[in-house]
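The primary structure of each chain is shown beneath.
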Amino acid sequence: MDLMKKLAHLAAQQDLPIQSHISESKNEIEMVCNELHPGYENYTDIYDKAGILTNKTVMAHGVYLSDKELEVFKARGSALSHCPNSNLSLRSGILDVRNVLNNGVKVGLGTDVSGGYHPSMLDAIRHAIQASKVLKIFHTNPDIYKAIDYKDAFKLATLSGAQALGLEKEIGNFEVGKCFDAILIDSDVVNSPYDVFSRDTLADRIQKFIFLGDDRNIVDIFVNGILVTSS
């Protein structure tokens, strides 16, 4: 606890972001709350009492956070990084992203390649969608529960991620004045992994790229308005 308090003091003093993880697995929660830091209300309370939860804090996972803990995250302005590939690979659980969003907590996507197997944000988008569908299947009211779709997941990977990092005024979408970070997608490139038909709308093309596309479709990459690579 002393070390975490000193870390929080240093972060406040230097105006630095904090990144760690929370409630990834049930065994981890048991160890943290009952062995390492007994006497606190819950996992979130440990970080909160240490001063770790700020509006510049991003915590990975958060799979088993209660609504009461999410209220603390919202009050502190702290964010979650949803790492579905890692969570599924380790069989540690599935974050209910819909519930996190309903609680007004900032959340973006992460890869957590130490636990997952792919660094691609496209992979994170796809896993986030599938994980949410699994939650819907086993939900007590599956007809009412709204799983996230490709639009939700795309936002998690872009603007919501920027918000989680406190960078939404600089990046995250194409609003005038923000950095132009972008990829140019060609759905008709030779050897494209998906087909495009005359009846396809722009939304259809975007959805096909999200689910089926890969680096063959990415012809240009821009970072802050600068073309950094081109095929």
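Anything mentioned here points back to the structure above.
Let us look at the structure shown here. (Residues numbered from 1 in each chain as written. Predicted model: local features only at pLDDT ≥ 70, side-chain atom pairs only at ≥ 80, totals over all residues. Heavy atoms only, no water.)

## Some details on the sheet that holds strand β3 (residues 79-82)
Step number 1: The strand order β1-β2-β3-β4 describes an open sheet built from 4 strands, whose pairing is parallel. Two strands in the sheet have a free side with no partner beyond their single neighbour: β1 (18-22) and β4 (106-109). Taking each pair of neighbouring strands and ignoring which way they run, the sheet shows an average axis angle of 30 degrees.
Step number 2: Of the pairings in the sheet, the one linking β1 to strand β2 (residues 57-61) comprises 5 bridges and is parallel in character. The residue of β2 that forms the bridge with I18 is T57. (Pairing = 2+ DSSP bridges. Helix = DSSP H or I, 4+ residues; strand = E, 2+ residues; numbered from the N terminus. Axes fitted to C-alpha atoms, helices over the stretch in contact; angles between N-to-C directions.)

## Thoughts on the pattern of salt bridges
Step number 1: For the structure shown, the criterion picks out 9 salt bridges.
Step number 2: Among the salt bridges present, the one from K49 reaches D45, with a minimum N-O distance of 2.5 Å. Residue K49 and its partner D45 are located together in helix α3 (residues 43-50), separated by 4 residues, close to a single helical turn.
Step number 3: With its nearest N and O atoms 3.9 Å apart, the salt bridge here joins E175 to K178. (Salt bridge = Lys/Arg side-chain N within 4 Å of Asp/Glu carboxyl O.)

## Brief notes about unusual backbone geometry
Step number 1: A positive phi angle is found at D15, which is not glycine, with a value near 55 degrees.
Step number 2: Looking at the secondary structure, you find D15 in the loop between α1 (2-14) and β1.

## Digging into the nonpolar core
If you look at soluble globular proteins, the nonpolar side chains tend to sit buried side by side.
Step number 1: Ranked by internal contacts, the top residues of the largest apolar core, which has 34 residues, are I22, Y47, I52, M59, F73, L80 and V100.
Step number 2: Once you skip the residues sitting within four places of it in the chain, V100 turns out to touch L70, L80, L95, V105 and V107. (Core = buried A, V, L, I, M, F, W, Y, C linked by side-chain atoms within 4.5 Å. Buried < 20%, exposed > 50% of the residue type's maximum accessible area, 1.4 Å probe, protein only. Contact = heavy atoms within 4.5 Å.)

## Comments concerning the pairing of strand β7 (residues 226-230)
Step number 1: One ladder, built from 4 bridges, connects strand β6 (residues 218-223) with β7; its direction is antiparallel. Across the sheet, I221 pairs through a bridge with T229, a residue of β7.

## Some words on the packing of α1 against α3
Step number 1: Axis separation between α1 and α3 bottoms out at 8 Å; the angle between their running directions is 55 degrees. It follows that α1 is oblique to α3 by the angle criterion. Between α1 and α3, the contacting residues are M4, K5 and A8 on the first element and I46, Y47, K49 and A50 on the second.
Step number 2: Within the contact of α1 with α3, the residues separate by chemical class into 5 nonpolar, no polar and 2 charged. (Parallel < 35°, antiparallel > 145°, perpendicular 65-115°, else oblique. Nonpolar A, V, L, I, M, F, W, Y, C, P; charged D, E, K, R; others polar.)

## Here's the deal with the environment of D2
Step number 1: Position of D2 relative to the elements: it lies in helix α1.
Step number 2: Along the sequence, D2 and A50 sit 48 residues apart, while their C-alpha atoms lie 7.9 Å from each other.

## Description of the environment of S66
Step number 1: Relative to the assigned elements, S66 resides in the loop between β2 and α4 (67-76).
Step number 2: For the pair S66 and H37, spaced 29 residues apart in sequence, the C-alpha to C-alpha distance is 18 Å.

## Some points on the packing of aromatic side chains
Step number 1: Scanning all chains against the criterion turns up 3 aromatic pairs.
Step number 2: For the ring pair Y43 and Y47, a centre distance of 5.7 Å and an interplane angle of 20 degrees mean the geometry is stacked. One end of the pair is Y43 and the other is Y47, both in helix α3 and 4 residues apart, which spans about a single turn. Of the two residues, Y43 and Y47, neither departs from the other in class, the shared state being buried.
Step number 3: Three or more aromatic residues link up through ring pairs in this structure, and these residues are F174, F180 and F222.
Step number 4: Positioned above the aromatic ring of F197 is the side chain of R199, whose terminal nitrogen or guanidinium carbon lies 5.0 Å from the ring centre. (Phe/Tyr/Trp six-rings, centres within 6.5 Å; stacked < 30°, edge-to-face > 60°. Lys NZ or Arg CZ within 6 Å of the ring centre and 35° of its normal.)

## A short note on the pairing of β2
Step number 1: Of all 5 residues that make up β2, 5 are buried, and the element is covered over most of its length.
Step number 2: By the bridge criterion, 3 bridges tie β2 to β3 in an arrangement that is parallel. Paired with M59 across the bridge in β3 is L80.

## Focus on the state of the cysteines
Should the sulfur atoms of two cysteines be covalently bonded, the bond is a disulfide.
Step number 1: Within this structure, the stated rule accounts for 0 disulfides.
Step number 2: Residue C83 stays outside any disulfide, its sulfur separated by 19 Å from that of C33, the closest cysteine.
Step number 3: By relative accessible area, which is 3% here, C83 ends up buried. (Disulfide = S-S within 2.5 Å.)

## Thoughts on the environment of K106
Step number 1: Structurally, K106 can be placed in strand β4.
Step number 2: Residue classification places K106 among the partly exposed residues on the basis of a relative accessible area of 26%.
Step number 3: As a C-alpha pair, K106 and E41 span 65 residues in sequence and 22 Å in three-dimensional space.
Step number 4: Contacts of K106, omitting those with residues within four sequence positions, involve N55, G77, S78, A79, L80, Q163 and A164.

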